[in-house]
Amino acid sequence: MALVNAGVVVLDCAEPERLAEFYKGLLGAEESDVSANRIEIEGPRGFRMAFRRDVNATPPSWPRPENSLQVHLDFVVADLDEAERVIVGLGGRPVEAKDPVGPHEERGFSDPAGHSFTLRRALAPTAPKQG
């Protein structure tokens, strides 16, 4: 029997309202729990995130080495260009524009509070070889 029944990714930030709006737009999520210092959202497939107010929150500096990566999220999308347009429209920004290494095409971004995340292109399923 599992000790933990569910998990929530929690990001500390100075403005949880702003960050919740960004991720609601990115994930197609809805607010599921709101208090003065924390907003929780849930996506259509049950993915949950929360944003906790910390007036002293310092954005990670990734990809620079000082105060580097604190958390990193990966999201799979069908269309990287369309997802990038949505992210920029919601207030996110690209942080890495280099040729992908490995089997997945991916791009790095940061949310409005400076947390980094990566978009990976969903690979099209391939049919088994015939004959």
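In this report, we go over the structure that sits alongside the text. (Residues numbered from 1 in each chain as written. Predicted model: local features only at pLDDT ≥ 70, side-chain atom pairs only at ≥ 80, totals over all residues. Heavy atoms only, no water.)

## Describing helix α1 (residues 16-27)
- Under the 1.5 Å per step criterion, the end-to-end length of α1 is 16 Å for 12 residues, consistent within 8% with the ideal 16 Å.
- Within α1, the full set of buried residues consists of Pro-16, Leu-19, Ala-20, Phe-22, Tyr-23 and Lys-24.
- Once α1 finishes, Gly-28 follows within two positions and takes phi at roughly 65°, a positive value. (Helix = DSSP H or I, 4+ residues; strand = E, 2+ residues; numbered from the N terminus. Expected span 1.5 Å × (residues − 1). Buried < 20%, exposed > 50% of the residue type's maximum accessible area, 1.4 Å probe, protein only.)

## A few points about the environment of Ser-35
- Among the structural elements, Ser-35 can be located in the loop between β2 (30-34) and β3 (38-42).
- For Ser-35, a relative accessible area of 43% puts it in the partly exposed group.
- Residues Ser-35 and Arg-52, spaced 17 residues apart in sequence, show a C-alpha to C-alpha distance of 9.5 Å.

## Points about the pattern of salt bridges
- Within this structure, the stated rule accounts for 10 salt bridges.
- The partner of Glu-17 in a salt bridge is Arg-53, and the shortest N-O contact between them spans 2.4 Å. Linking Glu-17 in helix α1 with Arg-53 in strand β4 (residues 48-53), this pair joins segments that are 36 residues apart in sequence.
- In this structure, the salt-bridge partner of Glu-31 is Lys-24, at a minimum N-O distance of 3.3 Å.
- Among the charged side chains, a network of salt bridges with common partners joins Glu-21, Lys-24 and Glu-31. (Salt bridge = Lys/Arg side-chain N within 4 Å of Asp/Glu carboxyl O.)

## Topic: the nonpolar core
- The biggest cluster of nonpolar side chains holds 20 residues, and the ones touching the most others in it are Tyr-23, Ile-41, Phe-51, Phe-117 and Leu-119.
- Only β1 (9-13), α1, β3, β4, β5 (72-77), α2 (80-89) and β8 (116-121) provide two or more residues apiece to this core.
- Excluding residues that lie within four positions of it along the chain, Tyr-23 makes contacts with Leu-11, Gly-28, Ala-29, Ile-41, Met-49, Phe-51, Leu-73, Phe-75, Asp-111 and Phe-117. (Core = buried A, V, L, I, M, F, W, Y, C linked by side-chain atoms within 4.5 Å. Contact = heavy atoms within 4.5 Å.)

## Observations concerning the packing of aromatic side chains
- Taken as a whole and judged by the stated rule, the model has eight aromatic pairs.
- Aromatic side chains Tyr-23 and Phe-51 sit 5.5 Å apart centroid to centroid with 15° between the ring planes, which places their arrangement in the stacked category. A residue pair is termed long-range when its members are at least 10 positions apart, and Tyr-23 in helix α1 and Phe-51 in strand β4 qualify at 28 residues. Of the two residues examined, Tyr-23 and Phe-51, each falls in the buried class. (Phe/Tyr/Trp six-rings, centres within 6.5 Å; stacked < 30°, edge-to-face > 60°.)

## Some points on the sheet that holds β4
- Within the open sheet, the four strands sit side by side as β1-β4-β3-β2. Their pairing is mixed. The sheet is open, and its two borders are formed by β1 and β2, each paired with just one other strand. Averaged over all pairs of adjacent strands, the angle between strand axes in this sheet comes to 25°, irrespective of strand direction.
- Pairing of β2 with β3 involves four bridges; the strand directions are antiparallel. What sits directly across from Glu-30, in β3, is Glu-42. (Pairing = 2+ DSSP bridges. Axes fitted to C-alpha atoms, helices over the stretch in contact; angles between N-to-C directions.)

## Description of the pairing of β8
- In terms of strand pairing, β5 meets β8 through six bridges, oriented parallel. Bridging from a neighbouring strand, Phe-75 pairs with Leu-119 of β8.
- Strand direction decides the pairing type here: strand β7 (residues 106-110) and β8, joined by five bridges, are antiparallel. Looking across to β8, one finds that Phe-109 is bridged to Phe-117.
- Between β7 and β8, which pair antiparallel and follow one another directly, the connecting turn spans five residues, one of which, Gly-114, has a positive phi of 100°.

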